[in-house]
Amino acid sequence: MKHSAEMEKDELERQYSPSRWSPRMSADDVIKAHVKALKEGTEQARSLAQTLLSVPYGEGEGEKLDVYIPRTNSLDLPLVIYIHGGYWQFLGKEESGFMAVPLIDKGVVVVAVGYDIAPKGNMDLMVSQVRKSVVSVIEQYSHISGLYLCGHSAGAHLAAMVLSTDWSQYSITPQIKGAFLVSGIYDLLPILSTYVNEPLKMTQEVAVRNSPSQLVPQLKLSSSDCHIVVAVAENDSPEFRKQSEEYYKTLEASGLNVTMEDVANTDHFSIIEQLVDGEYHLTKLLLKMMGKS
Ligand SMILES: N[C@@H](CC(=O)c1ccccc1NC=O)C(=O)O
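All values reported here derive from a predicted model rather than from experimental measurement. (Residues numbered from 1 in each chain as written. Predicted model: local features only at pLDDT ≥ 70, side-chain atom pairs only at ≥ 80, totals over all residues. Heavy atoms only, no water.)

## What about the overall build of the protein?
Moving on, step 1. Check the secondary structure of the protein and you find 11 helices and eight strands.
Moving on, step 2. For the protein, whose C-alpha radius of gyration is 18 Å, the value lies close to the compact-globule estimate of 19 Å for 293 residues.
Moving on, step 3. In terms of its C-alpha atoms, the protein occupies a principal-axis envelope of roughly 70 × 40 × 40 Å.
Moving on, step 4. For the protein, buried positions account for 55% of its 293 residues.
Moving on, step 5. Within the protein, contacts between residues at least 6 apart in sequence are counted, and of these 76% link residues at least 24 apart.
Moving on, step 6. Carbon and sulfur atoms make up 51% of the accessible area of the protein, which amounts to about 12800 Å² in all.
Moving on, step 7. Between the mean site of the 26 positive side-chain charges and the mean site of the 37 negative ones, the protein shows a separation of 3 Å. (Helix = DSSP H or I, 4+ residues; strand = E, 2+ residues; numbered from the N terminus. Rg over C-alpha atoms; globule rule 2.2 N^0.38 Å. Buried < 20%, exposed > 50% of the residue type's maximum accessible area, 1.4 Å probe, protein only. Contact = heavy atoms within 4.5 Å. Areas by Shrake-Rupley, 256 points an atom, 1.4 Å probe, with all protein chains shown as cover. Lys, Arg positive; Asp, Glu negative; His and termini not counted. Charge placed at Lys NZ, Arg CZ, Asp CG, Glu CD.)

## So, the UniProt feature "domain: BD-FAE-like" (unreviewed entry) in the protein
Moving on, step 1. According to UniProt, the "domain: BD-FAE-like" (unreviewed entry) feature falls on residues 65-162.
Moving on, step 2. What you have in residues 65-162 is 34% helix and 23% strand, and the ends, taken at the C-alpha atoms, are 16 Å apart. (UniProt positions renumbered as here; feature names shortened; annotations may be inferred.)

## Quick look at the side chain of Ser 164
Moving on, step 1. Tracing the chain through its elements places Ser 164 in the loop between helix H5 (154-163) and strand S6 (176-182).
Moving on, step 2. Since its relative accessible area comes to 4%, Ser 164 is described here as buried.
Moving on, step 3. Here Ala 160 takes part through its backbone oxygen, which lies 2.7 Å from a polar atom of the side chain of Ser 164.
Moving on, step 4. In this structure Ser 164 touches Arg 131, Leu 215, Gln 218, Leu 219 and Tyr 247, once residues within four positions along its chain are discounted. (Polar contact = N/O pair within 3.5 Å; in protein donor to acceptor, adjacent residues only side chain to side chain.)

## Regarding the environment of Gln 89
Moving on, step 1. Here Gln 89 is to be found in the loop between strand S3 (78-83) and helix H3 (100-105).
Moving on, step 2. The class for Gln 89 is buried, based on a relative accessible area of 15%.
Moving on, step 3. In this structure the C-alpha to C-alpha distance between Gln 89 and Thr 72, which are 17 residues apart in sequence, comes to 36 Å.
Moving on, step 4. Sequence-distant contacts of Gln 89, defined by excluding residues within four places in its chain, comprise Ile 117, Ala 118, Val 196, Pro 199 and Leu 200.
Moving on, step 5. Of note is the side chain of Gln 89, whose polar atom sits 2.8 Å from the backbone oxygen of Tyr 87.

What follows is the structure, encoded as structure tokens:
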């Protein structure tokens, strides 16, 4: 018989295995289908949109982003930066342009950022890379009418870390108008003892300084004007749902402009995959936030 510490670890790992909670498919199949959907969606977007691919935002090999450009003469040109998920160890910008089509159709610029996933990158590096990418985008696209962030899973964590940045060490202070945090993790402490941390090798200190749940006072200083949407899937695990609910409640208690979206009939993967569809609830909400509905 397993002793209780091991039992607890098993349960924690189950809670932090999103693929094991999908009612649609087996764990292996849902991940395969997810990667396929993101890849195909990105290829579709690249074939339809005007693009600038692999634009550097820093010196590093992995510090590149893709820009998907709408055909419009409008001066009202919002820009959304998408930060991909994959537990800080899977996926990349090559799978991250999938939501561009319905957005460019409405005159929104879409940027998919790449960052150095583990084991090449560590948590501190990934956080600093996405921050740097945001600064670079504003410097290159100073004519945009508003800057928005959207992140999924680990990417929602990174987006929340961007909102929680002390920009005093940077050349500019980005004004982020809205942020879509989809099925994110905001407290990294519970994953320290799980398989998720194997390639990340975070210490407790690293997990604390990179947990948005610990940085709400800084978020309040840096992003008080940002409309934050915390979205979670109906079929996310109870732990994932708790992460979103608690982060939402902490933001709300701080007087921030935050909305909770519990998205019915979705799991951890379909909640973001469906952004390829202009009629999907979250696509419409994102467009509405940008004044483009
Ligand atoms: N072990 C994780 C794997 C995972 O989260 C994942 C794997 C490949 C691509 C994306 C993933 N997660 C979220 O985007 C799971 O159980 O879902």
